[in-house]
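Residues per chain, in single letters:
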Amino acid sequence: MTHQRQLALQAAAALIVLSLAWPYHYLRDTPWDWQTLALAIGGTGLVLAHLARQPWWWRVIHALFAPLLWFALQFELPPALPLFLFILLFLFFRGAANGQIPLYLSGQATAGRIAALLPPGSRLLDVGAGIGSLLLPLARHRPDLHLTGIEYAPLPWLIGKGRILIRRAPIAWRWGDFWAHPLGEYDALYCFLSPAPMENLWHKVTAEMRPGSLLISKAFPIPGVSPETVREAADGNPDDTLYLYRIPRERA
Ligand SMILES: C[S@@+](CC[C@H](N)C(=O)[O-])C[C@H]1O[C@@H](n2cnc3c(N)ncnc32)[C@H](O)[C@@H]1O
């Protein structure tokens, strides 16, 4: 639902600004100053996103969307450009378009917390591994782990591959759909996805992983399933909460 909320937020910013601007321009009989209006919509979007406690990247998007739109309209852009931009965005954000799983990244701090959780020699899979933001620091913290990442958006996969090659990190880096990837060989699975796939992921995990193995989900709990442990971040940020689930003996 996040994208709908963001759309509503941006629309609210535009509505507020335009409904205030309309009487002003009407009464004074002046032409609409779209540059100022775009900046005002950006500012209002930023305030609304802040009040709605949106993550920082959404605040930036809300602040820049209308001003950039105005800016782009000042040029006679070639008609192929929007198509090119669309393809570029799709190559980056395939997960958001197909499965409501956008690209945002775990940081070094999360890698440190995961490193402290896993027994020696564990085999861990990051489903939807992005650009390797979790696995690269984890490989540095814990060289004993056997790490695999699977990602299906082409550009993040390519960037991740490049980073792994440059750092010569011992990470198996796969390009593919994690829904089609068998999970039986892993002791632990890490995911940082969205609320949308969590229920289906639990079905897949309980059907394929061995009892006693671990599912670690950052930020998004599995609806209707009690985690074995919940680890909150030191600063209490809910986006950094880790939900730990032990795969049960009975199959779901
Ligand atoms: C929120 S990002 C997390 C990236 C990384 N795990 C991290 O923590 O930094 C989720 C990633 O999952 C990828 N993704 C979404 N659906 C996928 C699928 N079915 N198979 C593989 N990757 C997928 C997206 O392209 C995106 O890069």
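Above: the structure in question.
What counts and what doesn't
Residues numbered from 1 in each chain as written. Predicted model: local features only at pLDDT ≥ 70, side-chain atom pairs only at ≥ 80, totals over all residues. Heavy atoms only, no water. Helix = DSSP H or I, 4+ residues; strand = E, 2+ residues; numbered from the N terminus. Polar contact = N/O pair within 3.5 Å; in protein donor to acceptor, adjacent residues only side chain to side chain. Pairing = 2+ DSSP bridges. Axes fitted to C-alpha atoms, helices over the stretch in contact; angles between N-to-C directions. Buried < 20%, exposed > 50% of the residue type's maximum accessible area, 1.4 Å probe, protein only. Right-handed = clockwise from strand over helix to strand, strands pointing away. Core = buried A, V, L, I, M, F, W, Y, C linked by side-chain atoms within 4.5 Å. Contact = heavy atoms within 4.5 Å. Parallel < 35°, antiparallel > 145°, perpendicular 65-115°, else oblique. Nonpolar A, V, L, I, M, F, W, Y, C, P; charged D, E, K, R; others polar. Near = heavy atom within 4 Å. Areas by Shrake-Rupley, 256 points an atom, 1.4 Å probe, with all protein chains shown as cover. Salt bridge = Lys/Arg side-chain N within 4 Å of Asp/Glu carboxyl O.

Trainee: Help me understand the side chain of glutamate 151, please; the structure alone is not making it clear to me.
Mentor: Mapping glutamate 151 onto the fold places it in strand β2 (residues 146–151). Only 3.4 Å separates the side chain of glutamate 151 from the backbone nitrogen of alanine 129, close enough to count as a polar contact.

Trainee: Which parts of the structure should I look at to understand the sheet that holds β2?
Mentor: Backbone hydrogen bonds are what pair the strands of a sheet, in a parallel or an antiparallel way. Here we have seven strands laid out as an open sheet, ordered β3-β2-β1-β4-β5-β7-β6, and mixed in their pairing. The open sheet has two edge strands, β3 (171–175) and β6 (229–231), and neither has a second partner. Each strand of the sheet is rotated relative to its neighbour by a mean of 20 degrees, with strand direction disregarded. As judged from the four bridges shared by strand β4 (residues 188–191) and strand β5 (residues 214–218), these two strands associate in the parallel manner.

Trainee: Even after reading the chapter, I still don't get the pairing of β4, so can you show me in this structure?
Mentor: When a strand is regular, its side chains alternate between the sheet's two faces. Neither face of β4 is left uncovered, since the one carrying Ala188 and Tyr190 and the one carrying Leu189 and Cys191 both have all their residues buried. For strand β1 (residues 123–127) and β4, the ladder comprises four bridges, and the chain directions are parallel. By the bridge assignment for β4, leucine 124 is matched with alanine 188. Where the polypeptide runs from β4 across helix α8 (residues 198–208) and back to β5, its parallel neighbour, the crossover connection is right-handed.

Trainee: How do you make sense of the nonpolar core when you look at a structure like this?
Mentor: Nonpolar side chains in soluble globular proteins tend to end up buried together. Ranked by size, the top nonpolar core spans 49 residues in total, and within it Leu138, Ile171, Leu189 and Ile216 carry the most contacts. Apart from residues lying up to four places away in sequence, leucine 189 is in contact with Leu125, Val127, Leu183, Leu201, Val205, Met209, Leu214, Leu215 and Ile216. Judged by nonpolar contacts, the second largest core, of seven residues, contains Val17, Ala21, Leu37 and Ala38.

Trainee: Whenever I open this one, the packing of helix α2 (residues 34–51) against helix α3 (residues 56–73) confuses me. Can you help?
Mentor: A pair of packed helices is captured by two measures, namely the crossing angle of their axes and the spacing between those axes. At a minimum axis separation of 7 Å, α2 and α3 run at an interaxial angle of 170 degrees. Taken together, α2 and α3 sit at an angle that is classed as roughly antiparallel. In contact with Trp34, Gln35, Ala38, Leu39, Ile41, Gly42, Gly45, Leu46, Ala49 and His50 of α2, α3 contributes Arg59, His62, Ala63, Ala66, Pro67 and Trp70. Of the residues contributing to the contact of α2 with α3, the split by class is ten nonpolar, five polar and one charged.

Trainee: Got a minute to help me understand the site of the ligand in this structure?
Mentor: Close to the ligand lie 21 residues; Ser106, Gly128, Glu151, Asp177 and Phe192 are nearest. Between serine 106 and the ligand, the recorded distance is 2.5 Å, taken from a side-chain N or O atom to an oxygen atom. When the ligand is considered free in solution it has 600 Å² of accessible area, and contact with the protein chains removes 99% of it. Across the shell around the ligand, the residue classes tally to twelve nonpolar, six polar and three charged.

Trainee: Looking at this structure, I do not really get the pattern of salt bridges. What am I missing?
Mentor: A side chain of one charge can pair with a side chain of the opposite charge when the charged atoms of the two come close. Counted by the stated rule, this structure contains six salt bridges. Arginine 142 serves as the salt-bridge partner of aspartate 144, at 2.8 Å between the closest nitrogen and oxygen. On the basis of relative accessible area, arginine 142 is assigned to the buried category, the value being 14%. With a closest N to O distance of 2.9 Å, glutamate 208 and lysine 204 form a salt bridge. Taken as a pair, glutamate 208 and lysine 204 lie in helix α8 at a separation of four residues, close to a single helical turn. Taken together, the shared-partner salt bridges in this structure form one network comprising Arg123, Asp187 and Arg210.

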